[in-house]
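Each chain, letter by letter, is given below.
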Amino acid sequence: MGTEEGRKADSAKSFYPSDEDIERWMSSAFDMAKDALENGEVPVGCLMVYDDRVVGKGRNEVNETKNATRHAEMVALDQLRDWCRRGNLDVSSVCERTALYVTVEPCIMCAAALRLLNIPVVVYGCRNERFGGCGSVLDVSSADLPQTGTTFKCVSGHRAEEAVEMLKTFYKQENPNAPKPKTRKD
Ligand SMILES: [Zn+2]
């Protein structure tokens with residue numbers, strides 16, 4: 001296709017995830033989520049893929065860094081920015097053609113960050129019932145927010161049960177920092 005429209009359609013296709021892409025990249029994201037779980041972190045892992053290359057990856061690092069904002073997506077976005085800097089590439093042109101693969105629905109904070117960087121597609125495993133920003137608590141992904149970047153598409157449900165199981169395992173583990181749960185008397 002030689003037209004402007006045609007080129008746009010081609011470029012959209014080139015980053016829009018196929019089933020094979022989802023299978024392949026989500027498998028690495030799950031490996032990172034497992035690593036997070038083994039290290040006492042909320043089990044979330046993610047990859048940012050541009051032009052069939054991983055340009056950023058991360059898993060939750062909140063406990064390790066003692067910084068509540070170090071979610072997997074934030075770690076990966078920083079790596080993407082470093083990758084652009086090293087290659088002398090424009091961050092926004094790269095982000096416009098980058099897909100995020102993440103084991104759990106991005107939270108409200110991360111969904112807003114993804115909008116601000118104009119990431120067009122997010123593939124995720126299970127819903128994030130506590131903090132989800134792609135429909136579970138708020139729908140930052142598709143909300144009409146003209147001052148806050150652009151909306152993004154979500155492809156959800158890949159290995160969702162497994163992602164939920166990992167979250168359950170994490171929240172069941174003893175957390176020495178957590179307040180003692182109150183026993184309910186009926
Ligand atoms: Zn987050």
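Residues numbered from 1 in each chain as written. Predicted model: local features only at pLDDT ≥ 70, side-chain atom pairs only at ≥ 80, totals over all residues. Heavy atoms only, no water.

**A short note on the overall build of the protein**
Helix and strand counts for the protein stand at seven helices and five strands. Counting helices and strands in the order they occur from the N terminus, the protein gives α-α-β-β-α-α-α-β-α-β-β-α. For the protein, with 186 residues in total, the buried portion stands at 42%. Restricting to contacts in the protein with at least 6 residues of sequence separation, those with at least 24 account for 60%. Summing over all exposed atoms, the protein offers an accessible surface of approximately 10900 Å²; the carbon and sulfur share of this is 50%. (Helix = DSSP H or I, 4+ residues; strand = E, 2+ residues; numbered from the N terminus. Buried < 20%, exposed > 50% of the residue type's maximum accessible area, 1.4 Å probe, protein only. Contact = heavy atoms within 4.5 Å. Areas by Shrake-Rupley, 256 points an atom, 1.4 Å probe, with all protein chains shown as cover.)

**Details of a nonpolar patch on the surface**
The grouping of Ile108, Val137 and Leu138 at the surface amounts to a nonpolar patch, some 220 Å² of accessible area in total. Within the element layout of this structure, valine 137 appears in the loop between β4 (121–126) and β5 (153–156). Using a relative accessible area of 41% as the deciding quantity, one classes valine 137 as partly exposed. (Patch = residues over 30% accessible without salt bridge, like charges linked within 9 Å, V, L, I, M, F, W, Y side chains within 5 Å. Salt bridge = Lys/Arg side-chain N within 4 Å of Asp/Glu carboxyl O.)

**Points about helix α2 (residues 19–38)**
Structural remark: α-helix, 3.6 residues per turn; residues separated by three or four positions point the same way. Its 20 residues place the ends of α2 28 Å apart at the C-alpha level, agreeing with the 28 Å of an ideal helix rising 1.5 Å per residue. Three or more residues of α2 are buried, namely Asp21, Ile22, Trp25, Met26, Ala29, Phe30, Met32, Ala33, Ala36 and Leu37. In this fold, the buried residues of α2 make contact with β1 (45–50), β2 (53–59), β3 (98–104), β4, β5 and α7 (160–172). (Expected span 1.5 Å × (residues − 1).)

**What about helix α4 (residues 72–87)?**
Between its first and last C-alpha atoms α4 spans 23 Å; for 16 residues at 1.5 Å apiece the expected length is 22 Å, and the two agree. Taken as a whole, α4 has its buried residues at Ala72, Glu73, Met74, Val75, Ala76, Leu77, Leu80, Trp83 and Cys84. Where the residues of α4 are buried, they touch β1, β2, α5 (91–95), β3 and α6 (108–116). Asparagine 88 sits one or two positions beyond α4 and adopts a positive phi of about 55°.

**A few points about the coordination of the zinc ion**
For the zinc ion, the full set of protein donor atoms is His71 (ND1), Cys107 (SG) and Cys110 (SG), at a range of 2.0 to 2.3 Å. If you list the donors of the zinc ion from N- to C-terminus, the spacing comes out as H-x35-C-x2-C. Highlighted residues: histidine 71 in the loop between α3 (62–65) and α4 and cysteine 107 in the loop between β3 and α6, separated in sequence by 36 residues. (Donors = N, O, S within 2.8 Å, 3.2 Å for Na, K, Ca; no water.)

**A short note on the environment of leucine 77**
Take leucine 77: it is sitting in helix α4. Owing to a relative accessible area of 2%, leucine 77 belongs among the buried residues under this scheme. Placed 21 residues apart in sequence, leucine 77 and glycine 56 show a C-alpha to C-alpha distance of 6.3 Å.

**Description of the environment of glycine 149**
With respect to the element layout, glycine 149 can be found in the loop between β4 and β5. Sequence separation between glycine 149 and alanine 113 is 36 residues; the distance between their C-alpha atoms is 8.6 Å. The residues touching glycine 149, leaving out its near neighbours within four places in the chain, are Arg115, Leu116 and Asn118.

**Some words on the sheet that holds β1**
Overall, mixed pairing links the five strands, which are arranged β2-β1-β3-β4-β5 in an open sheet. The sheet is open, and its two borders are formed by β2 and β5, each paired with just one other strand. Adjacent strand axes in the sheet meet at a mean angle of 20° when their direction is disregarded. Contacts from α7 reach β3 and β4 within the one sheet, and its direction differs from that of β4 by about 65°. (Pairing = 2+ DSSP bridges. Axes fitted to C-alpha atoms, helices over the stretch in contact; angles between N-to-C directions.)

**Remarks on the packing of aromatic side chains**
Per the counting criterion, the structure on display carries two aromatic pairs. Aromatic pair tyrosine 50 and tryptophan 83: ring centres 5.8 Å apart, planes at 65°, arrangement edge-to-face. Here tyrosine 50 is found in strand β1, whereas its partner tryptophan 83 is found in helix α4, with 33 residues between them in sequence. A cation over an aromatic ring shows up here: arginine 159 above the ring of phenylalanine 30, its NZ or CZ 4.2 Å from the ring centre. (Phe/Tyr/Trp six-rings, centres within 6.5 Å; stacked < 30°, edge-to-face > 60°. Lys NZ or Arg CZ within 6 Å of the ring centre and 35° of its normal.)

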